[in-house]
Amino acid sequence: MTDSKYFTTTKKGEIFELKAELNSDKKEKKKEAVKKVIASMTVGKDVSALFPDVVNCMQTDNLELKKLVYLYLMNYAKSQPDMAIMAVNTFVKDCEDPNPLIRALAVRTMGCIRVDKITEYLCEPLRKCLKDEDPYVRKTAAVCVAKLHDINAQLVEDQGFLDTLKDLISDSNPMVVANAVAALSEIAESHPSSNLLDLNPQSINKLLTALNECTEWGQIFILDCLANYTPKDDREAQSICERVTPRLSHANSAVVLSAVKVLMKFMEMLSKDLDYYGTLLKKLAPPLVTLLSAEPELQYVALRNINLIVQKRPEILKHEMKVFFVKYNDPIYVKLEKLDIMIRLASQANIAQVLAELKEYATEVDVDFVRKAVRAIGRCAIKVEQSAERCVSTLLDLIQTKVNYVVQEAIVVIKDIFRKYPNKYESVIATLCENLDSLDEPEARAAMIWIVGEYAERIDNADELLESFLEGFHDESTQVQLQLLTAIVKLFLKKPTETQELVQQVLSLATQDSDNPDLRDRGYIYWRLLSTDPVAAKEVVLAEKPLISEETDLIEPTLLDELICYIGTLASVYHKPPSTFVEGGRGVAHKSLPPRAASSESTESPETAPAGAPPGEQPDVIPTQGDLLGDLLNLDLGPPVSGPPLATSSVQMGAVDLLGGGLDSLMGDEPEGIGGTNFVAPPAAAVPANLGAPISSGLSDLFDLTSGVGTLSGSYVAPKAVWLPAMKAKGLEISGTFTRQVGSISMDLQLTNKALQVMTDFAIQFNRNSFGLAPAAPLQVHAPLSPNQTVEISLPLNTVGSVMKMEPLNNLQVAVKNNIDVFYFSTLYPLHILFVEDGKMDRQMFLATWKDIPNENEAQFQIRDCPLNAEAVSSKLQSSNIFTIAKRNVEGQDMLYQSLKLTNGIWVLAELRIQPGSPSFTDLELSLKCRAPEVSQYVYQAYETLLKN
Amino acid sequence: MIHSLFLINCSGDIFLEKHWKSVVSQSVCDYFFEAQEKAADVENVPPVISTPHHYLISIYRDKLFFVSVIQTEVPPLFVIEFLHRVADTFQDYFGECSEAAIKDNVVIVYELLEEMLDNGFPLATESNILKELIKPPTILRSVVNSITGSSNVGDTLPTGQLSNIPWRRAGVKYTNNEAYFDVVEEIDAIIDKSGATVFAEIQGVIDACIKLSGMPDLSLSFMNPRLLDDVSFHPCIRFKRWESERVLSFIPPDGNFRLISYRVSSQNLVAIPVYVKHSISFKENSSAGRFDITIGPKQNMGKTIEGITVTVHMPKVVLNMNLTPTQGSYTFDPVTKVLTWDVGKITPQKLPSLKGLVNLQSGAPKPEENPSLNIQFRIQQLAISGLKVNRLDMYGEKYKPFKGVKYVTKAGKFQVRT
């Protein structure tokens, strides 16, 4: 009595037999035959040869038979387009049937027959069905428009179906509304530019009403559509949030997550002082936690999203650490995600519990999970300083277990802990050395070698240890080889007497017997350094390293903001914006969080800030460890050559430029992991800086530095302009410019006497101005100025004068007095004279600050016709105290992250996008973020001035 | 939206495929098989897999993989929820969701899938609507059908399809009107070596079986509704009423359904009904170890704890186990290394214990990890959170229904680390 009988075959040949049955006169036999055909179809068997016979069964009163024939048609019409036309008449007739079920079935099936010829016949019935009196038919027809659009988009537009579909959003039946929204969303996805879902407060209101009454699936479509709307102010945002929150209690997890998306997005607009903001935060936690009690597949998707949510708003789940504890029978993909979130939520308050759990996990069976747990202990140590000691002792306990992969993983993370807390935990080195022989993975070997080299002076038998690695030098991976080379050079510099032989051995291995250019190059650099100037070598190789931070695995703020807009979608599972992976790259429009509404906290938020500018539209990359390289290069630059501190910007830049290329190739193939870059840090120490300007000749073949060091430091100086024409000042002509050199600002003036009498008794005074610029000394004109004589004066300025906001901001009103009269003029000073030398922000600070500054403070500019590459831009800017903190390459574009500080302590953060190499793209895009956004425009002007000169 | 669906059994055969748009070749499943191979254990196959042109989103249920193919950006939870709904429907229609049941009813399955999804958009997923459209198979019906030639496909539009209460059809009639509620609470807990609770929460559900005629409007109230602060509702529940009065007010679907599910997590509310004393040790350089566990009652509110089962995944080096239970029986599977001890009831006078020797593979290093114990139990007539139904009122209909509430507490993911 079961359907499995349909699968049995007979000797004569199945198709032949079926054909006979299909053409049988008996209704029942016919139906059985069609069932057999369908059964074959379900397992992927080709039964298309029966097409005409099956279609013949279509004209029937029996609904089941009709449905079965339709099923068949949908599958095979494509392969038999001419035959499919035979079916059209029946469809058209069925669309007029008094039974709405049959009308709907016909229109639904017709849409599924993906044959161009049929679509022409479909238009009329579809138009009728869209206006059908029965909502069931209307809702089916709405979906049919999407189907038709997929087959023939032009036809749908020409026939005006899109407008009909838009009208259906106002339908009285919520199910029809939901399906219309779903259909429109799908069509809009393939036409990102078309403004199909024209959302306005009225249509939003309709959607919100339908939301309460439609099916769970409809709710998902509507919520996803709502998330694309940008409310006009915080009050509207709040009222939408209020109407969406009940969805958080829905049994369908997809509804819950879509609601979370809407709330997370609109929350951005609410002021943090609002009571409702706090209420909303509290309401978000329980549903997210509840998702974790669902099936493991749902948990996985939920966890990937929670990972984003805790990065954006850690406060939501900060008390819910325990629900992320791993159960031993969780699937591995759930375990790994939970672990990740545990680390993100780790704080001083809960670190003890977290560590106890991690230690428990480190004894589990699954190797991947155990490794990640051990790594997590290291990350905790780096993240929560107070716990570092406990973490180290936990790691030592784990090393005692002697389980091979645990030991190796522990050593890798202990190396990172050394980097974070130097000179604190070195007592454990002895224990680590005991396990030297058991290490067989390159990363662990490299880490161990790094430790031995770094602390060679404290390890009595460091030379023996390193020598033991040297025996199999050629069998090691590149990572280990490079590390070994550096470590032995370090050892030599620390204990030169006993290790000369060793270092020669490794240098010759690296330079003569190796095919790896990176290894060879590094070997040569060390060799020449050591042979020409051991002191310099010491400075280079043993330079102090910057501390590492825990933030390297965070998602970049702009990307995070974009991903928050995609909560619940595939993008949120992959943590990539859809534009990077959605099939066909249909130019998916970037989404961005709405700007926070103006509130009391931003009293100084001025009109100049382009509040409406959509922030963070560009896709950004996840910071990769390799990016630390930029930091190393910049941070490591040694002390200045001479003169007052902070005044050597151009010297520093020279070093970066020249070293940049060489080091890139040296470090090019370093594998991931902070460790990779740690090892190579030493060479980055500023060779030129430490060697002083006259470079020893031995190095000049390596570093062609002379030109770089030769130029004088100081920022760009504009040519003098006439500020006060002679005719306005009784014959006194004043022209001038502003300069910033070696940390001091001055106003370079040129006074010309065009009158017929001698001028004396010069004095100068500034009106109060935006940055408190004032003369630091009186105007010194030593001799009387005779007619037609010109004198050049440099007037030192400081910024301790009284402050008054000027319009424009950089306006300076000056009064000059001489024996004839007092003259007034005003001039605009370029903002870059106010950029101070210590304007280089720490990388972590940068990330945190960028995140912290509200989005509406972001301003975007274009710098046109500036055909410079990233290096040139960065060096140009650095000489005017705009510091590049990190550089990375996104989709072929260079992104520079820069910071600068004004004399009054205002920080400005910048993101500069450059498209290198192509002469047609000479425009740079500049995004500025600053707590006092009114300066942005002037900073932009400064950028433009600096880059174009 | 959802493009295609493939059903795959544990041995990797694709035994059913359904396409809602154009046909996608079976070969797309190769990516899935690849991931499956990598995962080793069937339960560890990642639910979202990307291939060059498609995404595969899958669930694993009842030893079957439901693999859906999607091509555009779709909320994965939507797909996963839908796949579970498909499996639920099969379960509902055929009594089990198995390869045999699906193959036996392949035409109904196909009709169902066609009815549930249109062009990738869910169409009808409510069980009562589906059952009006496509009648579930019964022996009687197939006999009748074959005699009379009538079909099992409904030919009128289901009444619930468009109403504001799609979950209920009109014209329901019963001779005995009954409404039963089961309050089922599961304790999820992790207990550490020393017996301290690392984590504990209660996952509760109220399942209802409502057989009432007409359009009854029910109100269910609790003695202590404050316990419920994290709740997921069936769509039938009026959220506003709950927000303002903490009363569950609803027009119920017909038949069995889950009314609410809830979570009680604050640690002090979660009582742990059993404790386990354990000592599992492996000697260094010897091929033996000792195993000794005892179970006793704790915070059981004076009720009997029954249906206790202890499951232990022993380390790989364990060859065999030689144990003596004071109560119940045990089995050890030397292939999967799973020890199962079926304990039964706890009588406080004589606590059940299981002790004996563990034989290890000789020469292998002693296992690093101690196994976790997975414990199952059941307590009848108790909701461990203390939740109590106060009363059930019915409006809208005249008759007097039979009413009943049952409570049961079970172990969910209840793990004891050793």
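Keep in mind that this is a model prediction, so the values were computed, not measured. (Residues numbered from 1 in each chain as written. Chains lettered and ligands numbered in written order. Predicted model: local features only at pLDDT ≥ 70, side-chain atom pairs only at ≥ 80, totals over all residues. Heavy atoms only, no water.)

**Description of the overall build of chain B**
Here is the rule: Put simply, DSSP marks the helices as runs of H or I at least four residues long and the strands as runs of E at least two long, and each gets a number from the N terminus on. The cut-offs for exposure are 20% and 50% of the maximum accessible area for each residue type, with area from a 1.4 Å probe on protein chains only; residues under the lower value are buried, those over the upper are exposed, and the others partly exposed. Two residues qualify as a contact provided that any one of their heavy atoms is within 4.5 Å of a heavy atom in the partner residue. Note on areas: Shrake-Rupley, 1.4 Å probe, and residue coverage restricted to the protein chains presented here.
For chain B, the helix and strand inventory stands at 7 helices and 23 strands. A buried classification covers 56% of the 418 residues belonging to chain B. Contacts in chain B between residues at least 24 apart in sequence constitute 68% of all its contacts with a sequence separation of at least 6. Summed over its atoms, the accessible surface of chain B is roughly 17300 Å², and 50% of this surface lies on carbon and sulfur atoms.

**Thoughts on the state of the cysteines**
The condition is simple: For this text, the term disulfide refers to a pair of cysteine sulfurs within 2.5 Å.
By the definition in use, this model includes 0 disulfides over all chains. With no disulfide of its own, Cys 123 of chain A has Cys 144 of chain A as its nearest cysteine by sulfur position, at a separation of 9.5 Å.

**A closer look at the interface of chain B and chain A**
The line we're drawing: Buried area is a sum: the accessible area each of two parts loses on coming together, probed at 1.4 Å, counted once for each and added. The term salt bridge refers to a pairing of a side-chain nitrogen on Lys or Arg with a carboxyl oxygen on Asp or Glu at a separation within 4 Å. Pairing of N or O atoms within 3.5 Å defines a polar contact, subject to two protein rules: one partner must be a possible hydrogen donor and the other a possible acceptor, and residues neighboring in sequence count only if both atoms are side-chain atoms. Under the convention adopted here, Pro, Cys and the residues Ala, Val, Leu, Ile, Met, Phe, Trp and Tyr are nonpolar, Asp, Glu, Lys and Arg are charged, and Gly plus all remaining residues are polar.
Contacts between the two partners involve 97 residues from chain B, matched on the other side by 99 residues from chain A. Summed over both sides, the interface of chain B with chain A buries roughly 8500 Å², with 58% coming from carbon and sulfur. Here chain B is connected to chain A by 8 salt bridges. One salt bridge connects Arg 85 of chain B with Glu 216 of chain A, and the closest N-O pair in it is separated by 2.7 Å. Inspection of the chain B/chain A interface yields 22 residue pairs in polar contact (both at pLDDT 80 or more). Of the residues that constitute the side of chain B that touches chain A, the class distribution is 40 nonpolar, 31 polar and 26 charged.

**Some points on the sheet that holds strand S9 (residues 197-211) of chain B**
Residue and element names in this part refer to chain B. Our working definition: In short, DSSP must find at least two bridges between two strands for them to pair. Working convention: axes come from line fits to C-alpha atoms, limited for helices to the stretch in contact. Angles between N-to-C directions cover 0 to 180 degrees.
If you walk across this open sheet you meet the 9 strands as S11-S13-S9-S8-S23-S21-S16-S19-S18, and the pairing is mixed. Single-partner strands in this sheet number two, and they are strand S11 (231-233) and strand S18 (329-333). In this sheet, neighbouring strand axes are inclined to one another by 15° on average, regardless of whether the strands run parallel or antiparallel. Note that S9 and strand S13 (residues 255-264) share 9 bridges and pair antiparallel. Within S13, the position partnered with Cys 209 by the bridge is Asn 256.

**Observations concerning the packing of aromatic side chains**
Applicable threshold: Here a Phe, Tyr or Trp ring, Trp counted by its six-membered ring, pairs with any other such ring whose centre lies within 6.5 Å, and the pair is stacked when the planes are under 30 degrees apart, edge-to-face when over 60, and tilted otherwise. In this scheme, the term charge over a ring applies when either NZ of a lysine or CZ of an arginine sits within 6 Å of the ring centre and within 35 degrees of the ring normal.
Tallied over the entire structure, the rule returns 28 aromatic pairs over all chains. Chaining the aromatic ring pairs together yields one cluster made of Trp 217 and Phe 221 of chain A together with Phe 78, Phe 82 and Phe 121 of chain B. Positioned over the ring face of Phe 369 of chain A is Lys 335 of chain A, at 5.1 Å from the centre of the ring. The lysine or arginine in question, Lys 18 of chain B, covers the ring of Tyr 110 of chain B, its NZ or CZ lying 5.1 Å from the ring centre.

**Overview of the sheet that holds strand S12 (residues 247-250) of chain B**
All names here are of chain B. If you trace the 3 strands from one edge of the open sheet to the other, you get S12-S10-S22, paired in antiparallel fashion. If you trace the sheet from one side to the other, it starts and ends with S12 and strand S22 (389-395), each paired once. Neighbouring strand axes in the sheet, compared pairwise and without regard to direction, differ in orientation by 15° on average. Inspection of the sheet shows strand S10 (residues 217-222) paired to S22 by 6 bridges, in the antiparallel sense. Its bridge partner lying in S22, Phe 222 is registered against Val 389.

**Observations regarding the pattern of salt bridges**
For the coordinates displayed, the defined rule picks out 57 salt bridges over all chains. For the salt bridge of Glu 457 of chain A with Lys 494 of chain A, the shortest nitrogen-to-oxygen distance reads 3.0 Å. Taken together, the residues Glu 457 of chain A in the loop between helix H24 (442-454) and helix H25 (462-470) and Lys 494 of chain A in helix H26 (residues 478-494) connect sequence positions 37 residues apart. The partner of Lys 131 of chain B in a salt bridge is Asp 92 of chain B, with the nearest N and O atoms 3.1 Å apart.

**Brief notes about unusual backbone geometry**
All names here are of chain A. The step from Glu 807 to Pro 808 runs through a cis peptide bond, and the omega angle for that step is -10°. Note that Pro 808 resides in the loop between strand S6 (790-798) and strand S7 (811-817). The backbone phi angle of Lys 730 is positive, close to 50°, even though this residue is not glycine. A relative accessible area of 48% means that Lys 730 is categorised as partly exposed.

**So, helix H5 (residues 81-94) of chain A**
A turn of α-helix holds 3.6 residues, and therefore any two residues three or four places apart point the same way. All names here are of chain A. Put simply, the rule reads: A helix is expected to reach a length of 1.5 Å times the quantity of its residues less one.
Helix length check: H5, at 14 residues, gives a terminal C-alpha distance of 20 Å against a target of 20 Å (1.5 Å per residue), a fit within 8%. Along H5, the residues classified as buried are Ala 84, Ala 87, Val 88, Thr 90, Phe 91 and Asp 94. Packed against the buried residues of H5 are helix H3 (51-56), helix H4 (63-76), helix H6 (100-112) and helix H7 (116-130).

**Quick word on the packing of helix H18 (residues 332-345) of chain A against helix H20 (residues 367-383) of chain A**
All names here are of chain A. To keep it simple, the criterion reads: Each angle gets one of four labels, with under 35 degrees taken as roughly parallel, over 145 as roughly antiparallel, 65 to 115 as roughly perpendicular, and the rest as oblique.
It is at 10 Å that the axes of H18 and H20 come closest, and there the two elements cross at 5°. The orientation of H18 relative to H20 falls into the category roughly parallel. Seen from H18, the contacting residues are Ile 332, Lys 335, Leu 336, Leu 339, Asp 340, Ile 343, Arg 344 and Leu 345; seen from H20, they are Asp 368, Phe 369, Lys 372, Ala 373, Ala 376, Arg 379 and Lys 383. When the residues that make up the contact of H18 with H20 are grouped by side-chain class, the tally is 8 nonpolar, no polar and 7 charged.

**Side note on helix H40 (residues 936-948) of chain A**
All names here are of chain A. The end-to-end C-alpha separation of H40 is 18 Å, in line with the 18 Å expected for 13 residues at 1.5 Å each. When H40 is considered as a whole, its buried residues turn out to be Ser 936, Tyr 938, Val 939, Tyr 940, Ala 942, Tyr 943, Leu 946 and Leu 947. Buried-residue contacts for H40 involve strand S9 (858-863), helix H39 (870-878), strand S11 (893-901), strand S12 (907-914) and strand S13 (924-930).

**Observations concerning the nonpolar core**
Residues and elements named next belong to chain B. Note the threshold: To form a nonpolar core, buried Ala, Val, Leu, Ile, Met, Phe, Trp, Tyr and Cys residues must be joined to one another through side-chain atoms within 4.5 Å.
Residues Phe 66 and Phe 90 are the most contacted members of the largest nonpolar core, which totals 286 residues. If we skip the residues at most four places from it in the chain, Phe 90 touches Leu 7, Phe 66, Gly 95, Glu 96, Cys 97, Ile 102, Val 109, Leu 112 and Leu 113. Counting 75 residues, the second largest nonpolar core, distinct from the first, contains Phe 239, Val 318, Val 389 and Val 416.

**Remarks on a negative patch on the surface**
Residue and element names in this part refer to chain A. Our working definition: What makes a patch is a set of residues exposed beyond 30% relative accessible area and free of salt bridges, joined within 9 Å when like-charged and within 5 Å when nonpolar (Val, Leu, Ile, Met, Phe, Trp, Tyr). Charge convention: Lys and Arg are scored as positive, Asp and Glu as negative, and His as well as the terminal groups of each chain are ignored. By convention, the charge on Lys lies at NZ, on Arg at CZ, on Asp at CG and on Glu at CD.
Negative charge collects at one region of the surface, where Glu 464, Glu 467, Glu 471 and Glu 501 lie side by side. Locating Glu 464 in the fold gives a position in helix H25. Its relative accessible area of 52% is what places Glu 464 among the exposed residues.

**As for the pairing of strand S15 (residues 288-297) of chain B**
Residue and element names in this part refer to chain B. As judged from the 9 bridges shared by strand S14 (residues 274-282) and S15, these two strands associate in the antiparallel manner. Paired with His 278 across the strands is Ile 293, a residue of S15. Between S14 and S15, which pair antiparallel and follow one another directly, the connecting turn spans 5 residues, one of which, Asn 285, has a positive phi of 55°.

**Some details on the confidence of the model for chain A**
To be explicit about the condition: Confidence of the predictor in every single residue is expressed as pLDDT, which spans 0 to 100.
Here chain A shows a mean pLDDT of 78. Residues at 70 or above account for 83%. Segment residues 598-712 of chain A is flagged for pLDDT under 50; beyond a separation of four residues in sequence, or across chains, it makes 206 contacts in the model.

**Side note on the packing of helix H11 (residues 174-190) of chain A against helix H12 (residues 201-213) of chain A**
All names here are of chain A. Note the cut-off: Note: crossing handedness is left-handed where the near helix turns anticlockwise from the far helix by less than a right angle, and right-handed where it turns clockwise.
Direction vectors running N to C along H11 and H12 enclose 115°, while the axes themselves pass 9 Å from each other. Between H11 and H12 lies a crossing whose hand is left-handed. Residues Pro 174, Met 175, Val 177 and Val 181 of H11 lie in contact with H12, whose contacting residues are Leu 207, Ala 210 and Glu 213. Looking at the contact of H11 with H12, its residues break down into 6 nonpolar, no polar and 1 charged.

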